[in-house]
Amino acid sequence: MPSRVIEAVFLAERSRILASLIRLARSFDDAEDVLAEALLEAQVHWQTQLPTNPGAWLLTVAKRKLLDQRRGGQRRQQLLEQNRHLLLTDEIVGEDANEEAADDILRLLFTCCHPVLAPEAQIALTLRTLGGLSTTEVARAFLVEESTMAQRLVRAKRKIALAGIRYAIPAQEQLPERLASVLHVIYLIFNEGYAATEGEALERRDLCQEALRLSHLVNEWLPGEAEAEGLEALLRLIHARRDARVDAEGRLVTLDRQERSRWHDDEIAAGIALLEQALRRKQPGAYQVQAAIMAVHAEAATAAETDWRQIRELYRTLLRFERSEQVLLNYAVAVGQVEGWAAAEGILEELGELEGYYPYHAARAHCALALGKKVEARVAFQKALGLTRNRVEREYLSQKMADLVNDAGVE
């Protein structure tokens, strides 16, 4: 059996299996070790035939390895007594299995996002465990050395163990604070998937789909939370455009040039329905506003019909919830579309020089280009090019610079 088939199965089942193993092992490292060993066995046993239920096969083998690992140890008897029905019998099937798997994933999600951990540790641990990124990939997402990230992950796991954090869904009174952290982490996982920090592809759809799955799971478990609904709506509306983001040659296609017939109308409809449901709750928040912006884009039949005035006002609203660099940059673009690019340039200048921030230089370049300042545009494109390590984005920026040279002989 081709290794890519085994890899696809593993990616699809990994988070569910790992969540169950961590609940049983009460250890991130032990769970990861036995799952890795089970995967090695799968690569041997699945060569001739894929099991009827690959996920159950992996989980069963990993559980047995967990017992073998602790055989003779002081914790083995306790582990057997607590989990005998799961460790020594066939896998639970049907609705009970799905419900238990969902609960395990939620427990792990809230554990990874526990406030005892710093925000960057929460994101890193969730990306590593539920997102399925390797330590190397998580390090790239944070723009740090792999050794630094490995130490950060070790410290996060140790802190969870030393603090005696329960592997559980939080009590009702703790939910508001804990839920905000969970939603933020899911959002960042999606962002890393949608615009991969580094690599050959523009996006990592496995991460986008994992973020969507986690977002939907939170909504199912916590119905009536407007911001949770807003986040899922936002992710669905963005993800609906995935097939139009690159052309047949793999080149980046910006939003204004995308073939809207390639957008997924069913997902857009689902996202808008979720957004409307959230807005009816009269509990406004940043994710709902961002989803509303994406809905305006989605509802325009062509780029020329986009209601930029409404988008500008929505960004003004968003700035009251989140005054980040990215929001200010997007607000500047909306202002440029409505009030002219000189006004947008003024907003960018007020931001100051964000030397290490790739989107800032890309925005400066597009603004300068719209104002006919081709030399300034080329300099800004060059700075942006030096800050991105994604091949698709680099090729796009290189082409924009080449076009400037060809059009005006800019040196």
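Everything quoted here is computed from the prediction, not taken from an experiment.

Here is what the cut-offs are and how they apply
- Residues numbered from 1 in each chain as written.
- Predicted model: local features only at pLDDT ≥ 70, side-chain atom pairs only at ≥ 80, totals over all residues.
- Heavy atoms only, no water.
- Helix = DSSP H or I, 4+ residues; strand = E, 2+ residues; numbered from the N terminus.
- Buried < 20%, exposed > 50% of the residue type's maximum accessible area, 1.4 Å probe, protein only.
- Contact = heavy atoms within 4.5 Å.
- Areas by Shrake-Rupley, 256 points an atom, 1.4 Å probe, with all protein chains shown as cover.
- Salt bridge = Lys/Arg side-chain N within 4 Å of Asp/Glu carboxyl O.
- Core = buried A, V, L, I, M, F, W, Y, C linked by side-chain atoms within 4.5 Å.
- Disulfide = S-S within 2.5 Å.
- pLDDT = per-residue confidence, 0-100.
- Axes fitted to C-alpha atoms, helices over the stretch in contact; angles between N-to-C directions.
- Parallel < 35°, antiparallel > 145°, perpendicular 65-115°, else oblique.
- Left-handed = near helix turned anticlockwise from the far one by under 90°.
- Nonpolar A, V, L, I, M, F, W, Y, C, P; charged D, E, K, R; others polar.
- Polar contact = N/O pair within 3.5 Å; in protein donor to acceptor, adjacent residues only side chain to side chain.
- Phe/Tyr/Trp six-rings, centres within 6.5 Å; stacked < 30°, edge-to-face > 60°.
- Lys NZ or Arg CZ within 6 Å of the ring centre and 35° of its normal.
- Lys, Arg positive; Asp, Glu negative; His and termini not counted.
- Expected span 1.5 Å × (residues − 1).

Caption draft 1: Quick peek at the overall build of the protein. Broken down by element type, the protein carries 19 helices and two strands. The burial tally for the protein puts 48% of its 411 residues in the buried class. Expressed as a percentage of contacts within the protein between residues at least 6 apart in sequence, the contacts between residues at least 24 apart total 62%. If you sum the accessible surface of the protein, you get close to 20,200 Å²; carbon and sulfur atoms cover 49% of it.

Caption draft 2: Quick peek at the pattern of salt bridges. The final tally for this structure, using the stated rule, is 23 salt bridges. Arg-316 is the salt-bridge partner of Glu-313, the closest N and O atoms lying 2.8 Å from each other. Here Glu-313 and its partner Arg-316 are both found in helix H14 (residues 308-321), three residues apart, which amounts to about one turn of the helix.

Caption draft 3: Summary view of the nonpolar core. The biggest cluster of nonpolar side chains holds 108 residues, and the ones touching the most others in it are Ile-186 and Val-218. Beyond its immediate stretch of four places on either side in the chain, Ile-186 contacts Leu-109, Ala-211, Leu-214, Ser-215, Val-218, Leu-231 and Leu-235. With twelve residues, the next largest nonpolar core counts Ala-384, Leu-385, Tyr-396 and Met-401 among its residues.

Caption draft 4: Representation of the environment of Leu-108 in the model. Among the secondary structure elements, Leu-108 is positioned in helix H5 (residues 95-112). Looking at Leu-108, the relative accessible area reads 0%, which means it is buried. As for Leu-108 and Thr-129, which are separated by 21 residues in sequence, their C-alpha atoms are 8.6 Å apart. Not counting residues within four places of it along the chain, the set of residues in contact with Leu-108 comprises Ala-19, Ile-22, Phe-28, Thr-129, Leu-130 and Tyr-167.

Caption draft 5: Molecular detail of the state of the cysteines. This model, assessed by the stated rule, comprises zero disulfides. Unpaired in this structure, Cys-112 has its nearest cysteine sulfur neighbour in Cys-113, at a distance of 6.3 Å. Relative accessible area serves as the criterion here: at 0%, Cys-112 is assigned to the buried category. Its relative accessible area of 1% is what places Cys-113 among the buried residues.

Caption draft 6: Expanded view of the confidence of the model for the protein. Scored by pLDDT, the protein has a mean of 86; 89% of the residues are at 70 or more. Low confidence marks residues 83-95, where pLDDT is under 50. Its contacts with residues over four positions away, or in another chain, come to 22 contacts.

Caption draft 7: Just the packing of helix H10 (residues 205-221) against helix H11 (residues 226-239), in detail. In contact at an axis separation of 9 Å, H10 and H11 are set at 150° when each is read in the N-to-C sense. It follows from the interaxial angle that H10 and H11 lie roughly antiparallel. Crossing of H10 over H11 shows left-handed handedness. Two secondary-structure elements touch here, H10 through Cys-208, Gln-209, Ala-211, Leu-212, Ser-215, His-216, Val-218 and Asn-219 and H11 through Ala-228, Glu-229, Leu-231, Glu-232, Leu-235, Arg-236 and His-239. Of the residues assigned to the contact of H10 with H11, the class counts are seven nonpolar, five polar and three charged.

Caption draft 8: Examining the environment of Gln-47 more closely. By the secondary structure assignment, Gln-47 is in the loop between helix H2 (28-45) and helix H3 (54-70). Sequence separation between Gln-47 and Ser-3 is 44 residues; the distance between their C-alpha atoms is 8.6 Å. In this structure the side chain of Gln-47 is engaged in a polar contact, spanning 2.7 Å, whose partner is the backbone oxygen of Gln-43.

Caption draft 9: Region of interest: the packing of aromatic side chains. Applying the stated criterion across every chain, the model contains four aromatic pairs. With 5.8 Å between their ring centres and 15° between their planes, Phe-190 and Tyr-194 make a pair best called stacked. Of this pair, Phe-190 and Tyr-194 both sit in helix H9 (residues 175-194), four residues apart, which is roughly one turn of that helix. Note on accessibility: Phe-190 and Tyr-194 belong to one class, buried. Positioned over the ring face of Trp-263 is Arg-241, at 5.9 Å from the centre of the ring.

Caption draft 10: Structural context of unusual backbone geometry. Positioned with a positive phi, Arg-26 is a non-glycine residue whose angle comes to about 55°. Tracing the chain through its elements places Arg-26 in the loop between helix H1 (3-25) and H2. The backbone phi angle of Lys-282 is positive, close to 55°, even though this residue is not glycine. One can find Lys-282 in the loop between helix H12 (265-279) and helix H13 (286-299).

Caption draft 11: Structural detail: the packing of H9 against H11. Orientation of H9 relative to H11, taken along the N-to-C sense of each, is 5°, at an axis distance of 11 Å. Judged by the inter-axis angle, H9 sits roughly parallel to H11. Contacts between H9 and H11 involve Leu-183, Ile-186, Tyr-187, Phe-190 and Tyr-194 from the former and Glu-227, Ala-228, Leu-231, Leu-234, Leu-235, Ile-238 and His-239 from the latter. In terms of residue class, the contact of H9 with H11 is built from ten nonpolar, one polar and one charged.

Caption draft 12: View of the environment of Ala-124. One can find Ala-124 in helix H6 (residues 119-129). Between the C-alpha atoms of Ala-124 and Ala-156, which are 32 residues apart in sequence, the distance is 9.0 Å.

Caption draft 13: Spotlight on the side chain of Arg-14. Structurally, Arg-14 is set in helix H1. An unpaired buried charge is present at Arg-14: no salt bridge exists, and Glu-32, the closest side chain of opposite charge, is 4.5 Å distant. When residues no more than four places from it in sequence are discounted, the contact partners of Arg-14 are Leu-35, Arg-128, Thr-129, Leu-130 and Gly-132.

Caption draft 14: H10, seen in detail. Here H10 contains 17 residues, and its C-alpha end-to-end distance of 24 Å stays within 8% of the 24 Å for a straight helix at 1.5 Å per residue. Turning to H10, its buried residues number three or more, namely Leu-207, Cys-208, Glu-210, Ala-211, Leu-212, Leu-214, Ser-215, Leu-217, Val-218 and Asn-219.

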